[in-house]
Structures are given as C-alpha cells and as structure tokens.
Amino acid sequence: MTIKHHIPDALMLEYASGRLPEPFALVVAAHVSLCDECRARLAAHEMAGGAVMEAHEGAELSGDLRNNVMAMLDDAVEEAPVYERSGIFPAPVMEALKGRPPKWKPLGRGVRQSILSHNTSGSVRLLYIPPGLDMPEHTHGGLELTLVLQGAFSDEGGRFGVGDVEVADDDVDHQPIAEKGEACICLAATDASLKFNSFLPKLFQPIFRI
Ligand SMILES: [Zn+2]
C-alpha cells in the first residue's frame, strides 16, 4: 500500500490534543492505523503535549483524593472489548461497528451507506460506490474527510487509493469518480450537509444525508 494523501498537520494537532469532533477523530484514527508516516507524526505531537504537561505547574488537589484513587484501584473492572482489524476494516472502524459487519442501506445507482454515528458534531459513515460510478458534483457546507478502505476514486484533487485520505472544505467543488474494477469503500465524516450544484444531482443528496 502506497499512501500519498495524509492527514494535514493542523488536523493532526487537533486530534493529538483531543479537540477533534468524534466523526473526524474516527477517520484520523483509522488512517493512522494504516499509515506508518502519520503514526510517527502523531507520536511526535503527543510527545510535545507530554512536555507541555511536565513543564506545567501542578494544581493542588484535596487531601483525600490520593487515598480515594488508591482505594478504587482494587475495584473490579469490567474490561472493554478490544477490537482488531477485520478484512478491509481497521480496528477503529471495527470498534465503531462494535465488531459486527456493516448494515448497508441502498441509496440508488448501486450506492450503499452504513451510518456509524450521527450527532450534533457531524456524522461518519461507510460508503460503498460501485466500480466506475461518478458521484454528483458537490461543494461542502463544512469539512469532509474521506478515507479509502477498498478500491479507489479520482477527482480534481487527484487519485485516492486504499489508505489515502481526502480533506475537502467549503472551497472545494468536486466530483469523485470510483475507479473501474473493484467497488470503492470509504469511511467519510462530514460536519454539515453538502450543497449540490445543479438540480438533478439534488436527487442524490440523500447519499450524504441522514
Ligand atoms: Zn498518513
């Protein structure tokens, strides 16, 4: 796997500091699990965060706190399940799927989606795009992050294969086309509804909407 499109530094910094909304954080976590280069960059950001914490003057805590914490350490802990990569789905995606296969919903023209989460901070879903299909041209009301898990697509931003992540914002006006051969399966996070440019593609807006 040759990854050409990575997580931009500004987004990585937000992710490392825990400020990135959950839908985008899932895409970053999934990319990092596939990309050695971004894993190393994330580790560097986290080290910088650790240095900041160490240099920080501590705050006074109440006297009982230490004893209370030590007492709680003996409590029985319910272990959270650990999810592993399964097929094309990286571990963070399997965690979002709670270990189960995605529930695909048809959206027309052979396109399918499986919504992983949807809340006020945005939504994140798996998209299945048949080989050779062109998606409607659209711009964005906010940020859109797309990670390819299978196959490939191309648009004005270039070619995106497995592991590549596309970052599109308000300024981007694009029309992704799935490569011929294998269906393209992506993990896509958005923080706002997309705006379509012509009347007909509005029919396809439900692709990106809940
Ligand atoms: Zn990367």
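What counts, and at which threshold
Numbering of residues begins from 1 in every chain and follows the order in which that chain's sequence is written. For this predicted model, a pLDDT threshold of at least 70 governs which residues receive local features, and a threshold of 80 or more governs which side-chain atom pairs are given and counted, while totals over whole chains, interfaces and linings are taken from all residues. Excluded from the side-chain calculation are hydrogens and water; included are all heavy atoms of the structure. The numbering of helices and of strands both runs from the N terminus, where a helix is a DSSP run of H or I of at least 4 residues and a strand a run of E of at least 2. Three labels apply to residues, based on accessible area from a 1.4 Å probe with only protein chains included: buried if under 20% of the type maximum, exposed if over 50%, partly exposed otherwise in between. Each accessible area value is a Shrake-Rupley result obtained with a 1.4 Å probe; residue values ignore everything except the protein chains displayed when judging cover. Axes, fitted as lines to C-alpha atoms, cover a helix only where it is in contact. Angles between the N-to-C directions of the axes lie from 0 to 180 degrees. Helix crossings fall into two classes, left-handed where the near helix is turned counterclockwise from the far one by less than a right angle and right-handed where it is turned clockwise. Only heavy atoms matter for contacts: two residues are in contact if any of them lie within 4.5 Å across the pair. In this classification, Asp, Glu, Lys and Arg are treated as charged, Ala, Val, Leu, Ile, Met, Phe, Trp, Tyr, Cys and Pro as nonpolar, and every other residue, Gly included, as polar. In this analysis a 1.4 Å probe is tested at points of a 1 Å grid over the protein atoms alone, and where it fits but cannot get out there is a cavity; an open set with protein on both sides within 12 Å along at least five of seven lines is a pocket; lining residues have an atom within 4 Å of a point. Grid points are joined across faces, edges and corners, and a volume is the space filled by probe spheres set on the points. For two strands to be treated as a pair, DSSP must find no fewer than two bridges joining them. Any pair of N or O atoms that falls within 3.5 Å is considered a polar contact. Within protein, one atom must be able to donate a hydrogen and the other to accept it, and sequence-neighbouring residues count only if both atoms are side-chain atoms. Throughout this description, the term nonpolar core refers to a set of buried Ala, Val, Leu, Ile, Met, Phe, Trp, Tyr and Cys residues connected via side-chain atoms within 4.5 Å. Shown as donors are all N, O and S atoms within 2.8 Å of a metal ion, widened to 3.2 Å for Na, K and Ca; because water is not in the atom set, sites may appear incomplete. Sites are called tetrahedral only when four donors show all angles between 85 and 135 degrees, square planar or octahedral only when four or six donors show opposite pairs over 155 degrees and all other angles between 65 and 115, and irregular in any remaining case. Surface patches are defined over residues having more than 30% relative accessible area and no salt bridge, joining like charges when they lie within 9 Å and nonpolar side chains (Val, Leu, Ile, Met, Phe, Trp, Tyr) when within 5 Å. Each salt bridge in this description consists of a side-chain nitrogen of Lys or Arg and a carboxyl oxygen of Asp or Glu lying within 4 Å of one another. Confidence of the predictor in every single residue is expressed as pLDDT, which spans 0 to 100.

Remarks on the overall build of the chain
1) Next: In terms of regular secondary structure, the chain is built from 5 helices and 12 strands.
2) Next: Out of the 210 residues belonging to the chain, those deemed buried represent 40%.
3) Next: About 12200 Å² of surface is accessible on the chain, with carbon and sulfur atoms providing 55% of the total.

Focus: the packing of helix 2 (residues 22–34) against helix 3 (residues 36–55)
The description of two packed helices rests on the angle between their axes and on the distance between the axes.
1) Next: The interhelical angle for the contact between helix 2 and helix 3, taken along N-to-C directions, is 115°, at an axis separation of 6 Å. Taken as a pair, helix 2 and helix 3 cross one another with a handedness that is left-handed. Contacts from H31, V32, S33 and L34 in helix 2 reach D36, C38, R39 and L42 in helix 3.
2) Next: When the residues that make up the contact of helix 2 with helix 3 are grouped by side-chain class, the tally is 4 nonpolar, 2 polar and 2 charged.

Topic: the layout of surface pockets
1) Next: For the largest pocket, the calculated volume is near 200 Å³.
2) Next: At 3 residues, the largest contribution of residues to the lining of the largest pocket is made by strand 2 (residues 111–119).
3) Next: Its residues assigned to classes, the lining of the largest pocket comprises 6 nonpolar, 1 polar and 3 charged.

Here we look at the pairing of strand 3 (residues 122–129)
1) Next: Burial analysis of strand 3 places 8 of its 8 residues in the buried class, the great majority of the element.
2) Next: Burial along strand 3 is two-sided: the face carrying G122, V124, L126 and Y128 and the face carrying S123, R125, L127 and I129 are both buried.
3) Next: Looking at chain direction, strand 2 and strand 3 are connected through 7 bridges and run antiparallel. When the sheet's bridge partners are listed, I115 is paired in strand 3 with R125.
4) Next: Where strand 2 folds back on strand 3, the antiparallel hairpin that results is connected by 2 residues.
5) Next: Here strand 3 runs beside strand 11 (residues 184–190); their pairing, made up of 7 bridges, is antiparallel. Bridged to R125 within strand 11 is A188.

With respect to the environment of R19
1) Next: Looking at the secondary structure, you find R19 in the loop between helix 1 (9–16) and helix 2.
2) Next: Exposure remark for R19: the relative accessible area of 52% places this residue in the exposed category.
3) Next: At a separation of 3.4 Å, a polar atom in the side chain of R19 contacts the side chain of S17.

Notes on the nonpolar core
1) Next: Counting residues in each nonpolar core, the largest one holds 31 residues, and the members touching the most others are V27, V93, L116, L126, L147 and L187.
2) Next: Among the secondary structure elements, those contributing two or more residues to this core are helix 1, helix 2, helix 3, helix 5 (91–96), strand 3, strand 5 (144–150) and strand 11.
3) Next: In this structure L116 touches L26, V93, A96, L97, V124, R125, L126 and L187, once residues within four positions along its chain are discounted.
4) Next: Core analysis: the second largest hydrophobic core is formed by 12 residues, M135, F153, A178 and C184 among them.

As for the coordination of the zinc ion
1) Next: Ligation of the zinc ion by protein atoms is provided by H6 (ND1), H31 (NE2), C35 (SG) and C38 (SG), these donors lying 2.1 to 2.3 Å from the ion.
2) Next: Seen from the zinc ion, its 4 donor atoms lie at angles of 97 to 125°, and the figure they make is tetrahedral.
3) Next: The sequence pattern describing where the donors of the zinc ion fall on their chain is H-x24-H-x3-C-x2-C.

Observations concerning the sheet that holds strand 11
1) Next: Strand order in the open sheet made by the 6 strands is 1-2-3-11-5-8, with antiparallel pairing throughout. The open sheet has two edge strands with one neighbour each: strand 1 (105–108) and strand 8 (165–168). Across the sheet, the mean angle from the axis of one strand to that of its neighbour is 25°, orientation sign disregarded.
2) Next: Relative to strand 8, strand 5 runs antiparallel, the two sharing 4 bridges. In the sheet register, E144 faces strand 8, and the bridge partner there is A168.

Some details on a nonpolar patch on the surface
1) Next: A grouping of L61, L65, V69, M70, M72 and L73 is seen on the molecular surface, where their side chains present a nonpolar patch of about 580 Å² in accessible area.
2) Next: The residue L73 is located in the loop between helix 4 (64–72) and helix 5 in this model.

Focus: the confidence of the model for the chain
1) Next: With 87% of its residues at a pLDDT of 70 or more, the chain has an overall mean of 85.
2) Next: Predicted confidence for residues 196–205 stays below pLDDT 50, and this span has 16 contacts to residues more than four positions away or in other chains.

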